[in-house]
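Per-entry structural report
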Amino acid sequence: MGYRNLSPQAMVNISGPWLDPEQDRKVFTSLPLLAPLLPSVEEAHGRILTTQRLGTSLQQQAKALMEKVLALDATHDRKLRGAYNYLGALAEMTDDPEFAAALLDLRDRLAPAGLKAVARSYGDQAGDAKLLPSRLNDASEKLLKKLKTPEGPLSQVVDAWVAAALEIEKVEAQREQLALNTPANTDGATPREVLNARNGWIRVVRAIETNLALEKAATGEITERLLGRLRRESARADRRGRKGGAEGAVEPAPAGDTAPPTAGGDDDDDPFDGA
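Thresholds, definitions, all that
Residues numbered from 1 in each chain as written. Predicted model: local features only at pLDDT ≥ 70, side-chain atom pairs only at ≥ 80, totals over all residues. Heavy atoms only, no water. Core = buried A, V, L, I, M, F, W, Y, C linked by side-chain atoms within 4.5 Å. Buried < 20%, exposed > 50% of the residue type's maximum accessible area, 1.4 Å probe, protein only. Helix = DSSP H or I, 4+ residues; strand = E, 2+ residues; numbered from the N terminus. Contact = heavy atoms within 4.5 Å. Expected span 1.5 Å × (residues − 1). Arc of directions from axis to C-beta.

1. A few points about the nonpolar core
- Core analysis: the largest hydrophobic core is formed by 30 residues, its most contacted members being Leu6, Trp18, Phe28, Trp201, Ile208 and Leu226.
- Mapped onto this core, the elements with two or more residues apiece are helix 1 (8-19), helix 2 (25-30), helix 3 (38-93), helix 8 (191-214) and helix 9 (220-242).
- The element best represented in this core is helix 8, accounting for 7 residues.
- Discounting chain neighbours no more than four positions away, the residues touching Trp18 are Asp24, Arg25, Phe28, Leu38, Val41, Val205, Ile208, Leu226 and Leu227.
- The next biggest cluster of nonpolar side chains, apart from the first, holds 25 residues, and it includes Leu87, Ala100, Leu103 and Leu106.

2. Considerations on helix 4 (residues 97-110)
- The end-to-end C-alpha distance of helix 4 is 20 Å, a good match for the 20 Å that 14 residues give at a rise of 1.5 Å each.
- For helix 4, every residue scored as buried is listed here: Ala100, Leu103, Leu106, Arg107 and Leu110. Taken down its axis, helix 4 places every buried residue within 125 degrees of arc, on the same side. With respect to the buried face of helix 4, the exposed residues turned more than 90 degrees away are Pro97 and Glu98.

Here it is as C-alpha cells:
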C-alpha cells in the first residue's frame, strides 16, 4: 500500500497516537523492535507539524493560480474558436465573392494556424496575441469592427481572447515565482523541506511496518491497533487520489533522497503537485 496520497493532516493523525501516552505510546514502546523507532517517529511527526501550514498554503496558492489559468485558457479557446468559425460561416453564407474573400482573409490574419492555435502552449498563445496587431491592415481592422456578434462587434471577441492569453502569461509567471522564490516561514521551512518532511514520515512508517512484521510479540490485535488507522486513512486517500482530489505526497525510493515530483501541465512541470 502506498502513502503518496495522504495529506499532512492525515499523517499527524496517524502518528500522533503512537506518541500519546494516553493512546498507543505504551504499546509502541513495549515492543522491542518498535521502541527504538520512537525518536524517529517524534522527529518525523514534528517536521510534518512545522511544515504543514506552509505546505497547505503553497498548495492553496498553486491551486488557485492553476484554476485561474484554466479559466482564462477556456475563455481564450472559446473566443478564438467562435471568431474563427463565425468568419468561416459568414464566408459560406454570402453570395458576394469579394466579401467572402475578405472574411477568409480576416480569419487567417487572426489565426494563421487555424484551430490548432487552441492546442498551442501558453507561451505560444501569448506570443501570438502580441503579434496579432501586426498582422492586421486597415481593411481587416475596419471589417473586424463592422461585423456584429451577440456580444457586440467581433473586435470585442478578439480583444477578449488576446486579453486572456496575455493574462495567462502573467499568471504563469506568478506560478513560477511561487515555485522558485517562495520565502521561508517563521520555522525556516522551504517547499523542498515540506517535501522532505513528507518523505521522511513515509520512511519511518515503512520501518514501523517492517519491524512490526518481524516482532514476535505483536499479536493481530496489536498490529490492528497500531496500523489500522494508517491502512484505513491510506485506502481512503488512494480512492480520493484516483478521483483526482487528493493532495500528493511522494513515496520515497528504496535508497537515497527523493527528487521533487512533477506532474505534466500544458507547459511546465508543476513542483507543487507533490508538495
